[in-house]
Amino acid sequence: MSKVPTEMDSVTENMDGKGTEMIGYEEYLSKHSNVSKKRSEELRKGEYLLRKDGIALMPLNSVSWDEVVGVDPERLLCDCNVFHTRKACPHVAALLGKREDNGGKLPVTDARQYVKECLEKLESIAVKKPEYLKWDVETFTTKVRFLIVDLSWKDRQHLLLELARILNAPERMKLFSDTSRQCFSEVKWTSRAETGKLFDTLFEKRQEYKWSVIAMLLISMEGYLSKEKREILIREVAADEALTDKVMPMLSTFDYHYFSRERQVRFIRKADLSKIPGMYVSEVLHLMMEEPPLYADYLALVDRASLETGEVQPEDVKKLKEAGYGDRMQGAVDHLVYRINSMEDYNKVIACIPHETFLPAWKKRNETRRFRIFRSDDYQIIIDFLEDPEVNLDRYNVESLSPDVLDRIVEVRPENAKEICAATRKNYRASIKAGIPEKVRKNVMILAKGNDAIASKYVSDTDVFNRNGDDLVYLTAIGMHFKTLQKIAPELKKMEEPHAAGQNR
């Protein structure tokens, strides 16, 4: 939505503070030959609104009110990008044309009458063509919100209540949540302090306009409702089965506790999960595992939910296995594995499920996400080599893999040690050149682990290993852990003698 100013921006060329000299439509176009006459004519035929402050509102384009611009017809200013670029635009030209069409005047729009006409049109659509109501509500709120400033307090109350009356139907509740939330939130009904009082008027009518009040206040306008009134409303909803089914999936996580677990489980069993926020599905799954756990309901819900919907926890799967549901929990495992995003996640998951159930879930995860992932993170590559015997090194550019990845691969695939060590030698030299000691040491560890004879040569490099106590301990550990102590013993001896003599402390 374009910015609609209460005062025009300071694009004030050729102004003396008292407005501009009266200019005609044709004269403006001749003076600004870069303005499109065709667009000006289209806009001239279209609708516009003139507020009491003298600012005219009109569509950015010829018909649609999705984007609106503000035009000052007296100072010949517009807030559109074309005007700011060219110091002239078709919107100003169109208003000059409209002024000529109206005998040299631009009458101020009667906000009260205009809103009344908009309400009548909206009601007609709601009665005759309710399938178009979704788009008409957006058009209505887009136009009306600009004229709120010119309405009296009583007229604003009337507008709010009339809107509630027209939309007071259970099938229209979703309309507010899906399409009107932003529109209603953007309407500057009055100052923030006064807006609460305005919506209190609607809250008091909640028995008469039940569905609209629930939709507008509980779902869309929660910021305008006091904590006390919100609690009253939620408790009333919780006591009504029909309201509960409509409202429950749209609530904030802070409101779930007003509904019993039994009520929420009963609702979720028959609900269309594709129309329910994933956050709500996760909340119900969590409730199902509270004491006493509802294992069968939990598994049924997990099996219905897509992998992107609902969050399964490792402790849930552990409980299912201990309760004897091991042969029925592949769906829960699929969900659990789908959300792995680090080695820490992997370690938590693999600690509570057998490897044979992990691999099918991991393959399903990768297939589901493959169109969204343009590269494999280190943890994914490591898990592939840990879990999938079909994964081989030929799939990757070995030299581009990080030392952490190569280190784990050489552990689990010793048959690939030769290729990994060849790549690690290059990485070692690159790390030396870049001056990154941490990477240099990691590469030496990989070479030692891969039983590469060159490891003993590299550890003698005094530019990297300074023959101090820390390096002595470090290299001894490498030799002992990776069974290469025999190879690097001569270098260790060279380091040990001056260290023992206290020459390198």
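None of the values given here were measured: they were computed from a predicted structure.

Caption draft 1: Summary view of the sheet that holds strand E2 (residues 56–59). Taken in spatial order, the four strands of this open sheet run E1-E2-E3-E4, and their pairing is antiparallel. Each edge of the open sheet carries a strand with a single partner, namely strand E1 (49–50) and strand E4 (77–78). Bridging between E1 and E2 involves two bridges; their strand directions are antiparallel. Looking across to E2, one finds that Leu 49 is bridged to Leu 57.

Caption draft 2: Here's a closer look at the environment of Ile 125. Along the chain, Ile 125 turns up in helix H5 (residues 111–128). The spacing of Ile 125 and Val 137 is twelve residues in sequence and 9.6 Å in space, taken between C-alpha atoms. When near neighbours in sequence (up to four residues on either side) are disregarded, Ile 125 contacts Pro 130, Tyr 132, Leu 133 and Asp 136.

Caption draft 3: Summary view of the nonpolar core. Counting residues in hydrophobic clusters, the biggest one holds 111 residues, and the most contacted among them are Leu 159, Leu 202, Val 317, Val 337, Ile 340 and Phe 358. Top contributing element to this core by residue count: H5, with eight residues. Not counting the four nearest positions on each side in its chain, Ile 340 is found in contact with Asp 345, Tyr 346, Val 349, Phe 358, Trp 362, Arg 365, Arg 369, Tyr 379 and Ile 383. Ile 23, Val 35, Met 58 and Cys 89 belong to the second-largest nonpolar core, a separate cluster that totals 26 residues.

Caption draft 4: Expanded view of the packing of aromatic side chains. Scanning the entire structure with this criterion turns up five aromatic pairs. Between Phe 358 and Trp 362, the aromatic rings sit 5.7 Å apart at their centres with planes inclined by 20°, giving stacked as the arrangement. Of the two residues, Phe 358 and Trp 362 are both situated in helix H19 (residues 355–369); the distance of four residues between them amounts to about one turn of the helix. The pair Phe 358 / Trp 362 is uniform in exposure class, with both members buried. Their ring planes at 40° and their centres at 5.9 Å tell us that Phe 385 and Tyr 396 sit as a pair that is tilted. Of this pair, Phe 385 sits in helix H20 (residues 378–387) while Tyr 396 is found in the loop between H20 and helix H21 (403–412), placing the two residues eleven residues apart along the sequence. Tyr 396 sits in the buried class, given a relative accessible area of 16%.

Caption draft 5: Spatial organisation of the pattern of salt bridges. Tallied over the entire structure, the rule returns 24 salt bridges. The residue Asp 200 makes a salt bridge to Lys 229 at a minimum N-O spacing of 4.0 Å. Taken together, the residues Asp 200 in helix H9 (residues 192–204) and Lys 229 in helix H11 (residues 227–238) connect sequence positions 29 residues apart. Note on Asp 200: relative accessible area 24%, which makes it partly exposed. In this structure, the salt-bridge partner of Lys 363 is Glu 390, at a minimum N-O distance of 3.7 Å.

Caption draft 6: Quick peek at the side chain of Lys 98. Looking at the secondary structure, you find Lys 98 in helix H4 (residues 90–101). A distance of 2.4 Å separates the side chain of Lys 98 from the backbone oxygen of Gly 46, its partner in a polar contact. Dropping the residues within four chain positions of it, Lys 98 is found in contact with Leu 43, Arg 44, Lys 45, Gly 46, Tyr 48, Lys 105 and Leu 106.

Caption draft 7: Region of interest: the environment of Phe 358. On the basis of relative accessible area, Phe 358 is assigned to the buried category, the value being 0%. For the pair formed by Phe 358 and Asp 388, sequence separation is 30 residues and the distance between their alpha carbons is 9.8 Å.

Caption draft 8: Main features of the environment of Arg 206. Mapping Arg 206 onto the fold places it in the loop between H9 and helix H10 (210–220). In this view, Arg 206 contacts Val 213, Ile 232, Leu 233 and Glu 236; residues no more than four positions away in its chain are not counted.

Caption draft 9: Layout of the pairing of strand E3 (residues 68–72). Along E3, five of the five residues are buried, which leaves the element largely enclosed by surrounding structure. Both faces of E3 are covered, namely the face carrying Val 68, Gly 70 and Asp 72 and the face carrying Val 69 and Val 71. Adjacent in sequence and paired antiparallel, E3 and E4 are bridged by four residues, among which Leu 76 carries a positive phi angle near 55°.

Caption draft 10: View of the state of the cysteines. Taken as a whole and judged by the stated rule, the model has zero disulfides. Distance from the sulfur of Cys 78, which forms no disulfide, to the nearest cysteine sulfur (Cys 80) is 3.6 Å. Taking the relative accessible area as the measure of exposure, Cys 78 reaches 2% and is therefore buried. Of all cysteine sulfurs in the structure, the one in Cys 78 sits closest to Cys 89, which takes part in no disulfide; the separation is 3.8 Å.

Caption draft 11: Seen up close, the confidence of the model for the protein chain. When pLDDT is averaged along the protein chain, the result is 81; 80% of the residues meet or exceed 70. Note that pLDDT drops below 50 for residues 5–20; the model gives that stretch 31 contacts with residues more than four away or on any other chain.

Caption draft 12: Here's a closer look at H21. Residues of H21 that are buried: Pro 403, Val 405, Leu 406, Ile 409 and Val 410. Along the long axis of H21, the arc covered by the buried residues comes to 155°, so they all point the same way. Contact partners of the buried residues in H21: H20, helix H22 (417–434) and helix H23 (437–449).

Caption draft 13: Representation of unusual backbone geometry. For the peptide bond that leads from Glu 291 to Pro 292, omega is -10°, which places it in the cis range. Here Pro 292 is to be found in the loop between helix H14 (278–288) and helix H15 (295–304). Here Leu 76, not a glycine, exhibits a phi torsion of approximately 55°, which is positive. By the secondary structure assignment, Leu 76 is in the loop between E3 and E4. Look at Leu 76 and you get buried, because its relative accessible area is 14%. Look at Lys 87: it is not a glycine, yet its phi comes out positive at around 65°. One can find Lys 87 in the loop between helix H3 (81–86) and H4.

Scoring rules and cut-offs
Numbers given to residues run from 1 along each chain, matching the order in which its sequence is written. Only residues with pLDDT of 70 or above have their local features reported here, since the model is predicted, and side-chain atom pairs are shown and tallied only from 80 upward, although totals for entire chains, interfaces and linings are computed over all residues. The basis for every side-chain value is the complete set of non-hydrogen atoms in the structure, without hydrogens or water. At least two DSSP bridges between two strands are needed for those strands to be called paired. Per the convention used, a helix needs a DSSP run of H or I reaching at least four residues, while a strand needs a run of E reaching at least two, with both numbered from the N terminus. Throughout, a residue-residue contact means that at least one pair of heavy atoms, one from each residue, lies within 4.5 Å. Definition used in this section: a nonpolar core is a set of buried Ala, Val, Leu, Ile, Met, Phe, Trp, Tyr and Cys residues joined via side-chain atoms within 4.5 Å. Relative accessibility thresholds used throughout: buried, under 20% of the residue-type maximum; exposed, over 50%; partly exposed, between the two (1.4 Å probe, protein chains only). Any two of the Phe, Tyr and Trp rings considered here, Trp counted by its six-membered ring, make a pair once their centres fall within 6.5 Å; the pair's planes then place it as stacked at under 30 degrees, edge-to-face at over 60, or tilted in between. For this analysis, a salt bridge means a side-chain nitrogen from Lys or Arg found within 4 Å of a carboxyl oxygen belonging to Asp or Glu. Polar contact is defined as a pair of N or O atoms within 3.5 Å, subject to the rule that within protein one atom must be able to donate a hydrogen and the other to accept it, and that residues adjacent in sequence are counted only when both atoms are side-chain atoms. A pair of cysteine sulfur atoms is labelled a disulfide when the two atoms are within 2.5 Å. Scored from 0 to 100, pLDDT reflects the predictor's confidence in each residue. Each C-beta atom gives one direction from the helix axis, and the arc is the one those directions make.

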